[in-house]
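A closer look at the structure
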Amino acid sequence: MTKQFKALYKTVVILLAAAAAMLLGALILWTIGADVTKTYSVIILEPLKNKIEIGEVLIRAIPLTIIALGISVAYRSGIINIGAEGQMAMGILAATAVALALPGLPKYALLPLAMIAGTLGGAAWGFIPGILKAKLHVSELLSTVMLNYIAAQFYTFCLRGPMLDPAEITMGSGTPQSMRLTKAIWLDRLVPGTRIHTGVYIALAMAFIIWLLLWRTSWGYKMRAAGASERAARYGGIGVAGYLVVAMMISGAFAGLAGAVEIAGVHRRAIEGITGGYGFSGIVVALFGGLHPAGIIPASFFFGLLIVGADMTQRMVGVPANMVLVLQGIIILVIVATRMVLANPYLMERVWRRYQKLTRRDKEA
Amino acid sequence: MEPNTRKITSLRVEHITKRFPGVLACNDIALSVAEGEVLALVGENGAGKTTLMNILMGLYRPDEGRILINGEEVVFRSPNDAFAAGLGMVHQQYMLVANMTVLENIALGFTQAWSPLKLNLDMVRARIDEVAAKYGLAVDPDAFVWQLSVGEQQRVELVKTLCLGARFLILDEPTSALTPQETDELILLLKRMTSELSIVFISHKLHEVKNLSDKVTILRHGSVVFEGSTADHSSGDIAALMTGREIHLPRNEAPTCEGNPALEIRGLKIRSDRGFLAVDGLDLSVCAGEIVGLAGVSGNGQRELAEAINGLRKVEGGEILLFGQELANRSPRAVIDAGMGYIPEERNTEGIVPSFSMKENFILKDADEAQFSARSFLRLKEIDRNAEALRTEFDIRSPDTKVAAGSLSGGNIQKVILAREISRKPRFLIAVYPTRGLDMGAAEFIHKRLLEKRLEGIGILLISEELEEILDLSDRVAVIFKGRIIDTLDRRSADSRKIGILMAGVHNDEAV
Amino acid sequence: MDFVVSIFALGIPFSVALLLASLGEMFNQRAGVFNLGCEGIMAMGAFLGMLVPYSVGQGGPVSGAYNILGLLLAMGIGALLGLFFGLVVVTFRAPQGIAGIGLQMFGVGAAGTLFRHFVGGTQSIPGIDRLPIPVLSEIPVLGPVLFSHNPLVYMTFLMVPAAWYVLFKTPWGLRVRASGTNPRAADSIGVKVNLVRFQALAVGGALAGLAGAYLSLCQVKMFSDEIIAGRGFIAVALVYFGHWRPLKIMGGALLFSLAQALQLAIQGQGIDFPYEFAVMLPYAMVIVVLAFSRESLLLGPTALGKPFNREMRT
């Protein structure tokens, strides 16, 4: 098999996959009578038209990057984290609790403390499925999903009860949210007129840290080995079960951190709906970014774009914002299928033989 | 589907070729079997025997070649076509569904008993009774397969095949998992059947080949290297042909063992995945500077033994001592740290992480060693240097050390593993089928390296079923059969004939 | 006594959506496919199930035929999505867990998108009424517990023995079980393993779609984005809990639903217990149940989650 053929094969497969993804999305758009090209162009181009919207894309890319980094660590270690949504909620609660409990602290103390609290909150929530998988072989797919629902309820409970804004009680409106947090926890805004905040730096720093961890440390090496081939890792004396737990905790920690960054940078209080699907979008971003920080950063920008763009389609072309979930689902399905097609030597060989026959016939003709 | 019940008076295959990515499994193979004939298909692992039989059963489509029954060409698109033509096969790994009953397993292929909403189990039962009575094969139709012993499962396989109307029987290593008594019974039974059936059977065991077959065909590397009548050739001749060349003079001049053994195993008991005792009271010792060849047909407990020594499988009883240190039921890490080197059987999935680069695979066991990491940070320059050095020293053919290890050829993968295991300076080495499926060049290279290590005073346990390899390298040859060492021969007194006979489970004192 | 009766009368209908989806997932898993996208299929079923009766009646009562059409459409879309999932995981052999999450997102997203376009806001519908069985429903205790339900409730419980019969007593069930336990063996004896898996996915999808439609047409009588609320995932867990056997799965579904009914009843009694913790209970129960149902795969579909390819030699 020639190198050119391999490259051609790969390109064609990826192009076909992209076309299939667009087509599947179009299927739903046609059903609701929307203009397909216009919808896609609104989603992809409209948010880039002005500074404010670009800022909105960026502030969504921040939590997406952080969460996807964590998910990629887990995925590379052989455990799939569907629970980022819940881990993020726990991170938000932990960070909020710190900010509410220590309102007098100066910024240089409170902000890092809140970030650490968020990280630990998420890590604790990630520890549960990790240890259940390592010790009792509980499928992490199901346990993390269940923990999402539990975290969501716990989150609501906290916002309605212990963390409820006293002002809401006096006003009697009872909106479940915490009071506005002290300025000492706010992340600074970077560009006037937009909501872009210093969380950008945190996200980039985290990307660097994950890259270091996975490709520059012996821990990362062993985690990747455990994920790439459990059997070979065991043979190599790597304690696979232990690394599963560690990977899930790191994954949770990142989701928790994303939550802390999100309230400190954007909402400045805990309210309902902050997690808003970031945990699931993070899975798509991680896969789309090839489970590598260098891919995850642009991928999270792209999906930030998708999320903001999908908000606009309702107004501009009458396509509900739920469409973004459809696209994300399709992208997952197409990516996982495409990866298998690319990794299938049998299929490639069969195509190669057919290709050879074709080219031979061409030459004869 | 109306089964035709015509007799199969002849079956021929011609020019059968089948490729898998990177492997030519069958290369222009021709065979023929006449009515009532028994053909033994003999050859080493990976010689293409099973692939060829799977083609006969319609499980694989050949890339080239054709199959003729009674002189007419047939094309099998699925196993159903093969059944309809009267072929039946008992696979080496029994093709039974463990959580279904015997009756259900047979009903699965017995389409006459199917109607959309009803499975006519009574009809299947009647058919089983009929077959059982005819051939004297008693099975309990209502037993679940998981409740049956290996021998009983094989009987079910035979009954299944016969119920589906087989008049031409293919048996893939039918006795590999049977006890000697079960083996004898089976051979008697098959002899009785030859009055009505033609049989092709794949085997390693020479006395079975001698006992049962009329003709023998030997495959090597996907090609037929020998065909002839069994009666005209002795077991020794066939053994020599099977392993390839006439046996060379041994290359290994053995000093005798002094002092305490490096590895000592006493009364070891290990269970297989299927729950039976695959190793059952095994005793073995290997001295420093000695190579002990563990000969045996695969499936006699070798895999379980190697895994247990290396901490990858639970030990039920007995002890494993490495320089006096107990290794039984320790973690793989502890065994590695005790100085054990291990070249595993599954080189592609266990010996390397296939998606990792070659250089990453070199540090699989040593990511935390000071040589390769400082305060948990990998020392990339050292890893690169080490990889380059090993690649040169071990003559691993690849553009660089960044290529994915899984994309290398089998020989190069084995060299990667060997390089890692040897460069770690082990105190003892276990090599399992180290040259299986490799070309001569790679195999010789690996043999040379193993002998070098031996001269440096490392003890080596070499697990292999290639007699030539065992005889070339070993100081002593231990033969494993049914999870025990049935005999240990000094290299000087061992030859392929003796070992071959022992591998077949026959003691020296029994005449063959 | 009345309290107990009311819990059973409430809990039994609750179990229907779980039970239908679990029975469907049981067929998937028995054939060797782990379909975590059940939740998404249920969402599509819930939407499509209520679409026709809603459009025809504009929120008012409609003739029963439209309701039945809704149920059939829900089953149809479920089967279709099951086959689509088969394309991804059986034909392309993608890893089933993560692909299931993709299907879940796709289904939930598509149902929400279509709902907003075709229906708009929360609109309740009359749905399918209860059908107390004459005479039997008059029996004290047993009447309200067993015979005063929606027709789909009776049908679903009749489907438990039916599923058992199909799985254990028909040639198709035999092929399904063989394909999920030892696909190589099934293949060697002429069973078209991947075809059987597609068939099972269609059946499983249809049942999941029906389960969704039961929620929107019978239980909640409207559609919302959160209508499934993780029932699809719980259904998957129940299959493990029930060791791939219809009767045990029914037991699991009833256990969950009765617990839920009990929780609602306690709330109704005005006992001061945070509502959120009560809602958490079933999800926490799933985790506990999973932790204690390990090792059960031994007699179940041992090839679960493994794509089958005859030529890939292991």
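Residues numbered from 1 in each chain as written. Chains lettered and ligands numbered in written order. Predicted model: local features only at pLDDT ≥ 70, side-chain atom pairs only at ≥ 80, totals over all residues.

1. Some remarks on the overall build of chain A
- Counting its secondary structure elements, chain A contains 15 helices and zero strands.
- Taking 365 residues into account, the globule formula puts the C-alpha radius of gyration at 21 Å, and chain A, at 23 Å, falls close to it.
- The principal-axis extents of the C-alpha atoms in chain A amount to approximately 85 × 55 × 35 Å. (Helix = DSSP H or I, 4+ residues; strand = E, 2+ residues; numbered from the N terminus. Rg over C-alpha atoms; globule rule 2.2 N^0.38 Å.)

2. Topic: the overall build of chain C
- Check the secondary structure of chain C and you find twelve helices and zero strands.
- Ordered by position in the sequence, the α and β elements of chain C form the string α-α-α-α-α-α-α-α-α-α-α-α.
- What you see for chain C is a C-alpha radius of gyration of 20 Å, in line with the 20 Å of a compact globule of 314 residues.
- Looking at the 314 residues of chain C, the share that counts as buried comes to 57%. (Buried ≥ 20, exposed ≤ 12 C-beta atoms within 10 Å, placed from the backbone.)

3. A few points about the interface of chain B and chain A
- Each partner contributes to the interface: chain B provides 22 residues, whereas chain A provides 19 residues.
- Sorting the residues of the side of chain B that touches chain A by element identifies helix 10 (332-337), helix 11 (347-351) and strand 20 (377-378) of chain B as the ones contributing at least two each.
- Here the side of chain B that touches chain A is built from residues that sort into 13 nonpolar, five polar and four charged. (Contact = placed C-beta atoms within 7 Å. Nonpolar A, V, L, I, M, F, W, Y, C, P; charged D, E, K, R; others polar.)

4. So, helix 9 (residues 218-228) of chain A
- Within helix 9 of chain A, ten of the eleven residues are buried, which leaves it mostly tucked inside the rest of the structure.
- Those residues of helix 9 of chain A lying buried are Ser-218, Trp-219, Gly-220, Tyr-221, Lys-222, Met-223, Arg-224, Ala-225, Ala-226 and Gly-227 of chain A.

5. Some points on the packing of helix 1 (residues 3-31) of chain A against helix 14 (residues 323-342) of chain A
Residues and elements named next belong to chain A.
- Direction vectors running N to C along helix 1 and helix 14 enclose 155°, while the axes themselves pass 10 Å from each other. As summarised for this structure, helix 1 and helix 14 are arranged roughly antiparallel, according to the angle between their axes. For the element pair helix 1 and helix 14, the recorded crossing hand is right-handed. For the pair formed by helix 1 and helix 14, the contact residues are Lys-10, Val-13, Ile-14, Ala-17, Ala-20, Ala-21, Leu-24, Gly-25 and Ile-28 on the first element and Val-326, Leu-327, Ile-330, Ile-331, Val-334, Thr-338, Val-341 and Leu-342 on the second.
- Grouping the constituent residues of the contact of helix 1 with helix 14 by class yields 14 nonpolar, two polar and one charged. (Axes fitted to C-alpha atoms, helices over the stretch in contact; angles between N-to-C directions. Parallel < 35°, antiparallel > 145°, perpendicular 65-115°, else oblique. Left-handed = near helix turned anticlockwise from the far one by under 90°.)

6. Some remarks on the sheet that holds strand 12 (residues 223-229) of chain B
Residue and element names in this part refer to chain B.
- Within the open sheet, the six strands sit side by side as 6-9-10-3-11-12. Their pairing is mixed. The open sheet has two edge strands with one neighbour each: strand 6 (87-90) and strand 12. Direction aside, neighbouring strands of the sheet carry axes that sit 15° apart on average.
- Inspection of the sheet shows strand 6 paired to strand 9 (residues 168-172) by four bridges, in the parallel sense. Across the sheet, the residue bridging to Met-89 is Ile-170, located in strand 9.
- Seen against the sheet, helix 1 (residues 49-56) touches strand 3 (38-43), strand 6, strand 9, strand 10 (198-203) and strand 11 (215-220) and runs at an angle of roughly 150° to strand 9.
- Running over the sheet, helix 5 (residues 150-163) touches strand 6 and strand 9 and is turned about 170° from strand 6. (Pairing = 2+ DSSP bridges.)

7. Concerning the interface of chain A and chain C
- Contact with chain A, which involves 39 residues of that partner, is made by 39 residues of chain C.
- Of all the secondary-structure elements, those providing two or more residues to the side of chain A that touches chain C are helix 1, helix 5 (107-136), helix 6 (140-160), helix 12 (278-288) and helix 14 of chain A.
- In terms of residues, the side of chain A that touches chain C owes the most to one element, helix 14 of chain A, which gives twelve residues.

8. A look at unusual backbone geometry
Residues and elements named next belong to chain B.
- The residue Asp-28 is not glycine, and still its phi comes out positive at about 50°.
- Relative to the elements of secondary structure, Asp-28 occurs in strand 2 (residues 23-34).
- The exposure class of Asp-28 is partly exposed, given the 14 C-beta atoms found within 10 Å.
- At Phe-323, a residue that is not glycine, the phi angle is positive and equals roughly 45°.
- Among the secondary structure elements, Phe-323 is positioned in the loop between strand 16 (317-322) and strand 17 (325-326).

9. A few points about the environment of Val-102 of chain B
All names here are of chain B.
- Position of Val-102 relative to the elements: it lies in helix 3 (residues 102-107).
- As a C-alpha pair, Val-102 and Val-139 span 37 residues in sequence and 8.1 Å in three-dimensional space.
- In this structure, Val-102 is in contact with Val-139, Asp-140, Pro-141, Ala-143, Val-145 and Val-156, ignoring residues within four places of it in sequence.

10. So, the packing of helix 8 (residues 199-216) of chain A against helix 13 (residues 293-317) of chain A
All names here are of chain A.
- Contact pair helix 8 / helix 13: the axes reach a minimum separation of 9 Å and the direction vectors enclose 150°. Here helix 8 is positioned roughly antiparallel relative to helix 13, judged by the angle of their axes. Read as a crossing pair, helix 8 and helix 13 show a hand that is right-handed. Between helix 8, through Ala-207, Ile-210 and Trp-211, and helix 13, the contact on the second element is made entirely by Pro-293, Ile-296 and Ile-297.
- Taken together, the residues that form the contact of helix 8 with helix 13 break down as six nonpolar, no polar and no charged.

11. Remarks on the sheet that holds strand 16 of chain B
Residues and elements named next belong to chain B.
- Sheet architecture is open: four strands sit in the order 14-13-16-17, paired in antiparallel fashion. Edge strands, defined here as strands with exactly one partner in the open sheet, are strand 14 (277-286) and strand 17.
- As paired strands, strand 13 (residues 263-271) and strand 16 are joined by five bridges and run antiparallel to one another. Paired with Arg-266 across the bridge in strand 16 is Glu-319.

12. Some details on the environment of Val-308 of chain A
Residue and element names in this part refer to chain A.
- Among the structural elements, Val-308 can be located in helix 13.
- Classification of Val-308 as buried rests on a count of 24 C-beta atoms within 10 Å.
- For the pair Val-308 and Met-146, spaced 162 residues apart in sequence, the C-alpha separation works out to 28 Å.
- Look past the residues within four positions of Val-308 in its chain and what remains in contact with it is Pro-47, Glu-53, Glu-56, Val-57 and Arg-60.

13. So, the confidence of the model for chain C
Residues and elements named next belong to chain C.
- Chain-level pLDDT for chain C is 90 on average; 96% of the residues reach the 70-or-more range.
- For chain C, the element scoring lowest by mean pLDDT is helix 5 (residues 142-146), at 81; helix 9 (residues 193-219) scores highest, at 97.
- We note a pTM of 0.89 for the whole complex and an ipTM of 0.93 for its interfaces. (pLDDT = per-residue confidence, 0-100.)

14. Let's talk about the pairing of strand 4 (residues 64-69) of chain B
Residues and elements named next belong to chain B.
- Two strands pair when backbone bridges link them, and strand 1 (residues 10-20) and strand 4 are joined in this way by five bridges, in the antiparallel orientation. When the bridges of strand 4 are listed, Thr-17 appears paired with Glu-64.
- Of the strand pairs in this sheet, strand 4 and strand 5 (residues 72-74) are connected by three bridges, and their pairing is antiparallel. Within strand 5, the position partnered with Ile-67 by the bridge is Val-74.
- The loop that links strand 4 with its antiparallel partner strand 5 comprises two residues; one of these, Asn-70, has a positive phi angle of about 50°.

15. Quick look at the environment of Arg-155 of chain B
Residue and element names in this part refer to chain B.
- Position of Arg-155 relative to the elements: it lies in helix 5.
- Look at Arg-155 and you get buried, because 23 C-beta atoms sit within 10 Å.
- Sequence-wise, Arg-155 and Lys-118 are 37 residues apart; in three dimensions their C-alpha atoms are separated by 27 Å.

16. Quick word on the pairing of strand 3 of chain B
Residues and elements named next belong to chain B.
- Burial runs high along strand 3: six of the six residues are buried.
- Pairing analysis gives five bridges linking strand 3 to strand 10, with the strands arranged parallel. Following the sheet pairing, Val-42 is matched in strand 10 by Ser-203.
- One ladder, built from five bridges, connects strand 3 with strand 11; its direction is parallel.

17. Section: helix 6 of chain A
- Taking 1.5 Å of rise per residue, the 21 residues of helix 6 of chain A would be expected to cover 30 Å, and the 30 Å separating its terminal C-alpha atoms lies within 8% of that figure.
- Within helix 6 of chain A, 18 of the 21 residues are buried, leaving the element largely enclosed by the surrounding structure. (Expected span 1.5 Å × (residues − 1).)

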